[in-house]
Amino acid sequence: MSGFLSSSLARKYAMALSAFFLIFFLLMHVTINLLSVCSENAFNVASHFMGTNPLIQFAMQPILIIGVVFHFVMGFVLELKNKKAQGVKYFKDNGAANSTWMSRNMIYSGLAILAFIVLHFIDFWIPELKYKYVDVLPEDPNRYFHELQHKFENPLRVGAYIIAFVFLALHLLHGFQSAFQSMGLNNKYTKGFEKGAKAYAIVIPLLFIFIALFHHFNH
Amino acid sequence: MNLTLKIWRQKGPNDKGQMVDYKVTDISEHMSFLEMMDVLNEQLVAKDEEPVAFDHDCREGICGMCSMYINGEAHGPDRGITTCQLHMRMFKDGETITIEPFRANAFPVIKDLVVDRMAFERIQQAGGFISVNTSGNTQDANAIPISKHAADDAMDAATCIGCGACVATCKNSSAMLFVSAKVSQYALLPQGQVEATDRVLNMVKQMDEEGFGNCTNTGACEVECPKGISLENIARMNREYLAASLKG
Ligand code: SF4
Ligand code: FES
């Protein structure tokens, strides 16, 4: 890694900024998904807009993919570098005495989320691409809600979603407030950020879980 | 108290090293941990065995030499103390205690529990100072107005004794708490402003070159630091470095 990302602090900012971006994306995603609980029509309108608007499709979507890939690749790079920096392992190491499980296992919660994203791509994104660009089926602005309901019929899929969102919550519980610290926002005036970040880490994954369960039991 | 000790023994920098078991008897709970180590070494010498090498100097928590990883924690199970301030009353009679050197690639083992922490010195030399002409006409420091908050925070940062417990306890072997304390103590004071940009850039560069890991904000360093150096210092250094990088 050369240039700007050669310094450990630059990597820290890059990790935090990509995290903020992904956290913002999650908020948008959960908002649209929540529409599906309130109104079939509203969800279809929003999904149709997201699925056909050229700005979203050809500008925001690639940026999102780059953001996700960057955050993962950087996560792995950091993990490998840090393993190397530690050298010989301790015979006895009591990490629980001074740090949270979440903070010590970001790589594992991250891997679980990565596995989920792959599943999510196979579930939603690839069929969507096939619909639009391979089969070139006529655009039907009312198809989205039923597709969603259909996906959540399978209890195994719902189970996998719930597990993934528990890992997302664990990842965010450390990651979100950690991103503030990385950007230098930690002093006596910013304690509220930490609380807000922890609340977000719990509420957003719970909403996703609620939506999956809602559609599983109401179709 | 009678104890079983599992201690890392390593003849020299290139020796592979291993954990070795020892028994010590009649340890008073009022002893400090280092006094217990002295008792063990006397027993070893009496048996014509090589005593365990460990670092120590002041034995009152100010020099930062007494690096030991005890029962999986830097400086052992107590808080806000160095190993020389750890008392045997923190342990139970009959307990097995593991004692290891501070681990990090940047802190190579010299012998047994003694590690080389010269990396910290080199980071200090890269920018942990202010250049003041002291040839007779030095200005009285009290002549420069400094806010109480800044003075207090700078003093808190300056209490870092360079012990390396932050690195030893960090799963990433990151030196951020140490370096941020050294950066902060000057960044908060008017005297530190002149060299502020170069200081943070050079010290971080040296930190990276020494092979310390990347901080992931686990916060373990703050908990294990004998001087209570706060993570707020790391956040301050993150701000300082960002500003310095933009300024160039
Ligand atoms: S920050 Fe604390 S733990 Fe780290 S070197 Fe300074 S005194 Fe030791
Ligand atoms: S021997 Fe000086 S701090 Fe412990």
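Fair warning: this is a prediction, and the values are worked out from it, not measured in the lab. (Residues numbered from 1 in each chain as written. Chains lettered and ligands numbered in written order. Predicted model: local features only at pLDDT ≥ 70, side-chain atom pairs only at ≥ 80, totals over all residues. Heavy atoms only, no water.)

1. Thoughts on the environment of Gly175(A)
So, point 1. Following the sequence through the fold, Gly175(A) ends up in helix H7 (residues 155-182).
So, point 2. Between the C-alpha atoms of Gly175(A) and Ala16(A), which are 159 residues apart in sequence, the distance is 8.3 Å. (Helix = DSSP H or I, 4+ residues; strand = E, 2+ residues; numbered from the N terminus.)

2. Description of the sheet that holds strand E4 (residues 73-74) of chain B
Residue and element names in this part refer to chain B.
So, point 1. Spatially, E2-E1-E5-E3-E4 is the arrangement adopted by the five strands of the open sheet, whose pairing is mixed. If you trace the sheet from one side to the other, it starts and ends with strand E2 (18-24) and E4, each paired once.
So, point 2. One ladder, built from seven bridges, connects strand E1 (residues 3-9) with E2; its direction is antiparallel. Bridge assignment links leucine 5 to a residue of E2, and that residue is tyrosine 22.
So, point 3. Docked against the sheet, helix H1 (residues 33-46) engages E1, E2, strand E3 (69-70) and strand E5 (96-100), running at close to 90° with respect to E2. (Pairing = 2+ DSSP bridges. Contact = heavy atoms within 4.5 Å. Axes fitted to C-alpha atoms, helices over the stretch in contact; angles between N-to-C directions.)

3. Examining the site of ligand 1
Residue and element names in this part refer to chain B.
So, point 1. Around ligand 1, the surrounding shell holds 13 residues, and the nearest of these are Cys160, Cys163, Gly164, Cys166 and Cys225.
So, point 2. Secondary-structure elements contributing two or more residues to the shell around ligand 1 are helix H4 (165-169) and helix H5 (176-187).
So, point 3. Class assignment of the residues belonging to the shell around ligand 1 gives a composition of 11 nonpolar, two polar and no charged. (Near = heavy atom within 4 Å. Nonpolar A, V, L, I, M, F, W, Y, C, P; charged D, E, K, R; others polar.)

4. Examining a nonpolar patch on the surface
So, point 1. There is a patch of nonpolar side chains on the surface, built from Val118(A), Phe121(A), Ile122(A) and Ile126(A) and spanning about 350 Å² of accessible area.
So, point 2. Residue classification places Ile126(A) among the partly exposed residues on the basis of a relative accessible area of 47%. (Patch = residues over 30% accessible without salt bridge, like charges linked within 9 Å, V, L, I, M, F, W, Y side chains within 5 Å. Areas by Shrake-Rupley, 256 points an atom, 1.4 Å probe, with all protein chains shown as cover. Salt bridge = Lys/Arg side-chain N within 4 Å of Asp/Glu carboxyl O. Buried < 20%, exposed > 50% of the residue type's maximum accessible area, 1.4 Å probe, protein only.)

5. Details of the interface of chain B and chain A
So, point 1. Listed per partner, the contact involves 45 residues of chain B and 37 residues of chain A.
So, point 2. A combined buried area of about 3400 Å² lies between chain B and chain A, and 49% of that area is made up of carbon and sulfur atoms.
So, point 3. Broken down residue by residue, the surface that chain B buries against chain A is led by Lys171(B), Asn214(B) and Asn217(B), which jointly contribute 19%.
So, point 4. Lys191(A) serves as the salt-bridge partner of Glu232(B), at 3.4 Å between the closest nitrogen and oxygen.
So, point 5. Taken together, the connections running from chain B to chain A amount to 27 residue pairs in polar contact (both at pLDDT 80 or more).
So, point 6. Of all the elements in the fold, those that place two or more residues in the side of chain B that touches chain A are E5, H4, helix H6 (196-209), helix H7 (220-224) and helix H8 (232-247) of chain B. (Buried area = accessible area lost by both parts, 1.4 Å probe. Polar contact = N/O pair within 3.5 Å; in protein donor to acceptor, adjacent residues only side chain to side chain.)

6. Considerations on H6(B)
So, point 1. Here H6(B) spans 20 Å end to end across 14 residues, near enough to the 20 Å set by a 1.5 Å rise per residue.
So, point 2. The inward-facing, buried residues of H6(B) abut helix H1 (8-38) of chain A together with helix H2 (118-127), H5 and H8 of chain B.
So, point 3. Phi turns positive, to about 90°, at Gly211(B), one or two residues after H6(B). (Expected span 1.5 Å × (residues − 1).)

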